[in-house]
Amino acid sequence: MDTEASSLTPQPPFRSRALATEAVHAGRDDLASLGLHAAPIDLSTTYPSYDSRGEAARIDAFATTGARPDGPPVYARLDNPTTARFETALARLEGAGSAVAFASGMAALTAVLLARASSGLRHVVAVRPLYGCSDHLLGAGLLGTEVTWTDPAGIAEAIRPDTGLVMVETPANPTLAEIDIRAVAHSCGSVPLLVDNTFATPVLQRPLEHGARIVLHSATKYLGGHGDVMGGVVACDEEFAAVLRQVRFATGGVLHPMAGYLLLRGLSTLPVRVRAASAAAAELARRLAADPRIARVHYPETGGAMVSFEVFGDPHRIIAGVRLITPAVSLGSVDTLIQHPASISHRIVGEGDRRAAGVGDRLLRMSVGLEDVEDLWADLCQALSAGSAVPPARSEAAVRTSPLTGSQVPSPAGRAPGQEARSTGR
């Protein structure tokens, strides 16, 4: 036997490993050498050390550089081995140098804004629609930021000397409007482009490959995937990650290690879940487009498990009428969720801004899960009947072929000016 070949020492990961393989193995490469199969959970809040001078030196180094301390952890607010595994895995899936995890997606965005503001760059250029709470955080000035809202074509003109960030979400919440990331990144020049990639996930889109500098996820959604864990994560280069770690340590927005464990576990099935749910979503979008009770269907060229649609009838009666589908906020779970954005996720956005971004009062947003598509369609049909109204005459909806599933789905609708569809190259 070749003893060298049979060594338990993990080999360096191959850059060419497929995404599905990375999802299963990233962050776990050392487990076999540790005699473990499942990743361990480290729940310690503090760690013993008899070398106080050495601890002082490590804390000084962290304060100076923001790099993870060498050796054992010092304190859970500074670093945790379990959450570090999740960070390593997510960085690999996004093709980033590093990732930094937080207690929620909003905590992650807050850290990014504070990190840029610490350099005197408090101005943000942003494109609507964004998640409602992201919109509110930018616009309310709670962190001392100032925002200029624009369409993608106006980004270059909106940038100022104190602009620290350009932020977009694509596909956008809740209209699923899409933005050409590469074109927007070019417009940003030297200003970092942040892309909220929560809806697409790295399975369908890797923004760093198209010129973005920062990728944001509400890990609560698809990365966790089961509706039982809350978290946020930023993928970026190590230089910016170091600043984010310092902000996280100072503000305390840390990810709990149990959440880190569940998120790492969720990543292992991410590609399978996203592709299966996306196939069902594309089929439901096709059927909704042909239904006379539906005024308009939004489904992105990128694909994905999110479908938004505008109804002729009463959206509130439809929400009240579902029985299998869960009427609830959030998305990305194994079960299908439906909500009325104007009442919940985007209620905090001013009515005029909300409507201008395409978030009308008859828009419903559905996060498709892993149930059988026929069962989902039956439930949707009976709920639509409960809220139905007589629609005006309309032409038959145009359809296109989804690049993800090959099935026929409605042509994308409802994009803001400049938010054209793009090929993801996958």
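This text follows the structure it describes.
Asks: Explain the sheet that holds strand 8 (residues 294–298) here, please?
Replies: Backbone-to-backbone hydrogen bonds join strands into a sheet, with any given pair of strands oriented parallel or antiparallel. With mixed pairing, the 5 strands of this open sheet are ordered in space as 8-9-12-11-10. With partners counted over all chains shown, the strands left at the sheet margins are strand 8 and strand 10 (326–327), one partner each. Pairing of strand 11 (residues 337–339) with strand 12 (residues 363–367), which is carried by 3 bridges, proceeds in the antiparallel orientation. Across the sheet, Gln-339 pairs through a bridge with Arg-365, a residue of strand 12. Helix 11 (residues 270–289) contacts strand 8, strand 9 (306–311) and strand 12 of the sheet and is inclined by roughly 15° relative to strand 9.

Asks: I would appreciate a short explanation of the nonpolar core in the present structure.
Replies: One recurring pattern in soluble globular proteins is that nonpolar side chains are buried together. Phe-86, Leu-90, Leu-223, Leu-267 and Leu-270 are the most contacted members of the largest nonpolar core, which has 38 residues in total. Listed by contribution, the elements that provide at least two residues to this core are helix 1 (19–25), helix 3 (81–94), strand 1 (98–102), helix 8 (201–204), strand 7 (232–236), helix 10 (257–268) and helix 11. At 6 residues, the largest contribution of residues to this core is made by helix 10. Every residue in contact with Leu-223, bar those within four places of it in the chain, is listed here: Phe-86, Leu-90, His-217, Val-233, Leu-263, Gly-266, Leu-267, Leu-270 and Arg-273.

Asks: Got a minute to help me understand the pattern of salt bridges in this structure?
Replies: Pairing between side chains becomes possible if they bear opposite charge and their charged atoms approach one another. Across all of its chains, the model carries 20 salt bridges by this definition. The salt bridge partner of Glu-283 is Arg-286, with a shortest N-O separation of 2.7 Å. Here Arg-286 and Glu-283 lie together in helix 11, a separation of 3 residues that amounts to about one turn. For Glu-283, a relative accessible area of 16% puts it in the buried group. One network of salt bridges, in which partners are shared, links Arg-17, Glu-22, Asp-29 and Arg-92.

Asks: Honestly, the sheet that holds strand 1 in this entry has me stumped. Any pointers?
Replies: With respect to topology, 7 strands assemble into an open sheet ordered 1-7-6-5-4-2-3, the strand pairing being mixed. Each having just a single partner strand, strand 1 and strand 3 (146–149) make up the two edges of the open sheet. Ignoring strand direction, the axes of neighbouring strands in this sheet form an average angle of 20°. Sheet analysis places strand 5 (residues 193–196) next to strand 6 (residues 214–218), joined by 3 bridges and oriented parallel. Of the residues in strand 6, the one forming a bridge with Val-195 is Val-215.

Asks: Looking at this structure, I do not really get the pairing of strand 3. What am I missing?
Replies: Residues in a regular strand point their side chains to alternate faces of the sheet. Sheet analysis places strand 2 (residues 123–126) next to strand 3, joined by 4 bridges and oriented parallel. In the strand pairing of strand 3, Val-124 is matched with Val-147.

Asks: So what exactly am I meant to see when it comes to the packing of helix 10 against helix 11 here?
Replies: Describing two packed helices takes the angle between their axes plus the distance from one axis to the other. Contact geometry for helix 10 and helix 11: axes closest at 4 Å, N-to-C directions at 60°. By the criterion of interaxial angle, the relationship of helix 10 to helix 11 is oblique. On helix 11, the residues touching Gly-266, Leu-267 and Ser-268 of helix 10 are Leu-270, Pro-271 and Arg-273. When grouped by side-chain class, the residues that make up the contact of helix 10 with helix 11 number 3 nonpolar, 2 polar and 1 charged.

Asks: Help me understand the side chain of Ser-104, please; the structure alone is not making it clear to me.
Replies: Within the secondary structure, Ser-104 sits in the loop between strand 1 and helix 4 (105–117). With residues up to four places along the chain from it excluded, the contact list for Ser-104 reads Met-230, Gly-231 and Gly-232.

Asks: Can you walk me through the packing of aromatic side chains in this structure?
Replies: For any pair of aromatic rings, the description consists of the separation of the ring centres together with the inter-plane angle of the planes. Inspection of every chain in the model, using the stated rule, returns 1 aromatic pair. Here the basic side chain of Arg-77 rests over the ring of Phe-249, its NZ or CZ set 4.7 Å away from the ring centre. In this structure, Arg-248 packs its charged tip against the face of Phe-102, placed 6.0 Å from the ring centre.

Asks: Would you mind showing me how to read the packing of helix 4 against helix 5 (residues 132–139) here?
Replies: Closest axis-to-axis distance for the helix 4/helix 5 pair is 11 Å, and the angle between their directions is 30°. Considering their axes alone, helix 4 and helix 5 lie roughly parallel with respect to each other. For helix 4 against helix 5, the interelement crossing comes out right-handed. Within the contact between the two elements, helix 4 uses Met-106, Leu-109, Thr-110 and Leu-113 and helix 5 uses Cys-133, Ser-134, Leu-137 and Leu-138. In the contact of helix 4 with helix 5, the residues fall into 6 nonpolar, 2 polar and no charged.

Asks: Mind showing me how you'd approach helix 4 here?
Replies: Given a rise of 1.5 Å per residue, 13 residues ought to cover 18 Å, and the 18 Å separating the end C-alpha atoms of helix 4 matches this to within 8%. Along helix 4, the residues that are buried comprise Gly-105, Ala-108, Leu-109, Ala-111, Val-112, Leu-113, Ala-115, Arg-116 and Ala-117.

Calculation rules
- Residues numbered from 1 in each chain as written.
- Predicted model: local features only at pLDDT ≥ 70, side-chain atom pairs only at ≥ 80, totals over all residues.
- Heavy atoms only, no water.
- Pairing = 2+ DSSP bridges.
- Helix = DSSP H or I, 4+ residues; strand = E, 2+ residues; numbered from the N terminus.
- Contact = heavy atoms within 4.5 Å.
- Axes fitted to C-alpha atoms, helices over the stretch in contact; angles between N-to-C directions.
- Core = buried A, V, L, I, M, F, W, Y, C linked by side-chain atoms within 4.5 Å.
- Buried < 20%, exposed > 50% of the residue type's maximum accessible area, 1.4 Å probe, protein only.
- Salt bridge = Lys/Arg side-chain N within 4 Å of Asp/Glu carboxyl O.
- Parallel < 35°, antiparallel > 145°, perpendicular 65-115°, else oblique.
- Nonpolar A, V, L, I, M, F, W, Y, C, P; charged D, E, K, R; others polar.
- Phe/Tyr/Trp six-rings, centres within 6.5 Å; stacked < 30°, edge-to-face > 60°.
- Lys NZ or Arg CZ within 6 Å of the ring centre and 35° of its normal.
- Left-handed = near helix turned anticlockwise from the far one by under 90°.
- Expected span 1.5 Å × (residues − 1).

These figures come from the coordinates and say nothing about function on their own.
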